[in-house]
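Per-entry structural report
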Amino acid sequence: MIIAVASGKGGTGKTTVTAALAANWSPPVAAVDLDVEEPNLHLFLHPEITGTEKGYIEVPQADEGMCTSCGACAELCQFKAIALIGDTLLTFPDMCHGCGGCIAVCPTGALTESSRELGELCYGTSGDIAFHMGRLRIGEAMCPPLMKLVKRKVFSMYENDSRDIIIDSPPGASCPAVCAVADADCVVLVTEPTPFGFYDFKIAYDAFAVFNKPMGVVVNKAGIGDNQVYTFCKENNIPIWAEIPFDRGIAEAYSVGAVITDAVPELKPVFEELICSIQESVHA
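A few points on the structure. All figures in this text were calculated on a predicted structure; none of them were measured in a lab. (Residues numbered from 1 in each chain as written. Predicted model: local features only at pLDDT ≥ 70, side-chain atom pairs only at ≥ 80, totals over all residues. Heavy atoms only, no water.)

**Focus on unusual backbone geometry**
Cis geometry marks the peptide bond from Pro27 to Pro28, where omega comes out at 5 degrees. A positive phi angle is found at Ser69, which is not glycine, with a value near 60 degrees. Among the residues examined, Ser69 registers a relative accessible area of 22% and is labelled partly exposed. In this structure, Lys80 is a non-glycine residue whose phi angle is positive, near 55 degrees. (Buried < 20%, exposed > 50% of the residue type's maximum accessible area, 1.4 Å probe, protein only.)

Next comes the structure, spelled out in structure tokens:
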């Protein structure tokens, strides 16, 4: 089972929920931080990192001596990562999405495979929890290619394993968030009951609903704001699986990198019920 914990905006408590889910989930379980631009799940689970490896994407390398200036590669590339200026072929590796199409259409073999570093893949353990995360290279513009490398490694490692996988997704509803949610069996959408939280929650819901996956809501900081989130969920038959109260003790636990169910034991039944709701939605 693959569970993606997502949110319409940053700061709603998505990583807080992910850490508590992983800590209370029956092993074996893997926690995966796909928020590769600013990974922070490790600050709560405190894993022992046992290995790292570089992640690369395929990019074209041009041999101008073999280029006939036919322009087939530039015409194919929709991301303008390769261009023909007069008789000069220019490549822009930072804009390349690594599809390999330009290399395939080149009739003279003027383009060959090279690579660009995306970042690093880290893995380790936190007690019984297997831990994985990606960390984007400083200056790298695109998240999804590195995210896909992390997912590929995780899914291949546990292909023949009964281990459940909990993904901490990037915030928002753009390409990185969609990439994180795409392979999940269930989406846990974390929001806060404020006008800003509700606005971004609706955008995220619309973006993820097209996948037609089981989806439920965790309302964090319950007790503040207004009832717009609750009204929207009722009108659209979206289940609210859990509420986390607006509480100083929870905020203090977050500030020191503690799992909230360890710092506030009263929340343990809340997450046990949340886990049951997730499992029931997937197996329904």
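So, next bit.
**A closer look at the sheet that holds strand β1 (residues 2-7)**
The strand order across the open sheet formed by nine strands is β3-β6-β7-β2-β8-β1-β9-β10-β11, and the pairing between neighbours is mixed. The open sheet terminates on both sides in strands that have one partner only, identified here as β3 (48-62) and β11 (240-245). Neighbour to neighbour, the strand axes of the sheet diverge by 20 degrees on average, direction disregarded. Across the sheet, helix α5 (residues 144-157) lies against β1, β2 (29-33), β3, β6 (111-126), β7 (129-136) and β8 (164-168), angled at about 55 degrees from β6, the strand it touches most. Lying on the sheet, helix α11 (residues 268-283) is in contact with β1, β9 (186-191), β10 (215-222) and β11; it crosses β11 at an angle near 160 degrees. (Pairing = 2+ DSSP bridges. Helix = DSSP H or I, 4+ residues; strand = E, 2+ residues; numbered from the N terminus. Axes fitted to C-alpha atoms, helices over the stretch in contact; angles between N-to-C directions. Contact = heavy atoms within 4.5 Å.)

**Description of the environment of Ser162**
With respect to the helices and strands, Ser162 occurs in the loop between α5 and β8. Sequence separation between Ser162 and Pro28 is 134 residues; the distance between their C-alpha atoms is 7.3 Å.

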